[in-house]
Amino acid sequence: MRLDPPPKHAMRVHELAKELGWPPGRLVDELRSRGEWVKSAMSTLEAPVVRDIRRDYAAASPEADPEKSLEPAFYGDSADLAAITSEPDETFAEALARVKAEPSRHQKSATSKANRWRSPVLQALLDEIIAQRSGHLGQSSGEPFRWELKKAEQWHMQWAKACLTGLDDEDPIVIQWIRLSGGQRPHLAAELSSADITPEEAGLRLGYGGRIDLRMDTLYARFRDRRITRSEVIVAVRQWRQNNATG
């Protein structure tokens, strides 16, 4: 039986020096003193030479001290072995109960989102328009989906722009227009609002002479569908106001 099988590949001087814990130059000098032709630490060594060096010097090399691996210097100057070997402050069962009692990261995120403040107009778009559509799936936390919030923010921007073109910018008034229009076409609400027409008046079903006629669609719906003009809406509302004032 061969105790020292030859290496699978030609070993270089610096590899054997690392194995012995020597500087490469020391091994180069030792090999040259034995009559081996070695040019540098990158030179390769024959298997018999490697066996001879190992036989002569491997036993003399200091072996690792098992107790030394437990010294703080082995782990670094900042190692605290007392903290490693000390008893834990809580048992595993106590730690498990504490972790279960704490809310998860997802629950914390959902709670923070649910408590996020939104403008009344944006919240109205979410609650009364988007959440009422058939495609809304909803979430158990009551928080809208990301695409729903993005859609509501886009519509909110359109209604904000309409306030610059004649729409009354008071939140309750804007919300009434949103309910009447289904959140769509804020420019139509701006056209009627600039004529001093309120959402309640735009939602009236008026017929001939400004009288209530339940067979008719609302003024807003007829104006939206271009069945009547803005001027006709204004005339109908004025007649209705006069009828109520005299009645």
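Residues numbered from 1 in each chain as written. Predicted model: local features only at pLDDT ≥ 70, side-chain atom pairs only at ≥ 80, totals over all residues. Heavy atoms only, no water.

The protein chain has the name Translation initiation factor IF-2 N-terminal domain-containing protein in an unreviewed UniProt entry, where Mycobacterium szulgai is given as its organism.

### With respect to the overall build of the protein chain
The cut-off we apply is this: Only DSSP runs of H or I covering at least 4 residues are called helices, and only runs of E covering at least 2 are called strands; the numbering of each starts at the N terminus. Throughout, a contact is declared for two residues whenever any of their heavy atoms are within 4.5 Å. Only the protein chains shown count as cover for residues, and the accessible areas themselves come from Shrake-Rupley with a 1.4 Å probe.
For the protein chain, the count of helices and strands is 14 helices and two strands. A separation of at least 24 residues holds for 54% of the contacts in the protein chain among residues at least 6 apart in sequence. When the accessible surface of the protein chain is totalled, it reaches about 17400 Å², and 53% of it is carbon and sulfur.

### So, the side chain of S193
Rule in force here: The buried label applies to any residue whose accessible area, calculated with a 1.4 Å probe on protein chains only, is under 20% of its type's maximum; exposed applies above 50%, and partly exposed to all values in between.
Relative to the elements of secondary structure, S193 occurs in helix α11 (residues 186–193). Exposure remark for S193: the relative accessible area of 14% places this residue in the buried category. With residues up to four places along the chain from it excluded, the contact list for S193 reads G166, L167, D168 and W177.

### A word on the packing of aromatic side chains
Here is the rule we go by: Centre distance within 6.5 Å is the pairing criterion for rings of Phe, Tyr and Trp, where only the six-membered ring of Trp is used; planes under 30 degrees apart are then read as stacked, over 60 as edge-to-face, and the remainder as tilted. A positively charged side chain is recorded as over a ring if its NZ (Lys) or CZ (Arg) lies within 6 Å of the ring centre. The angle to the ring normal must also be within 35 degrees.
Following the criterion strictly, the structure yields two aromatic pairs and no others. Ring geometry for W22 against Y57: centres 4.8 Å apart, planes inclined by 70°, an arrangement best described as edge-to-face. Here the residue W22 occupies a position in the loop between α1 (13–20) and α2 (24–33), and Y57 occupies one in helix α3 (residues 47–57), the gap between them amounting to 35 residues. Taking relative accessible area as the criterion, Y57 reaches 21% and is therefore assigned partly exposed. Against the face of W22 rests R26, its NZ or CZ located 3.9 Å from the ring centre. The side chain of R226 reaches across the aromatic face of F223, ending 5.1 Å from its centre.

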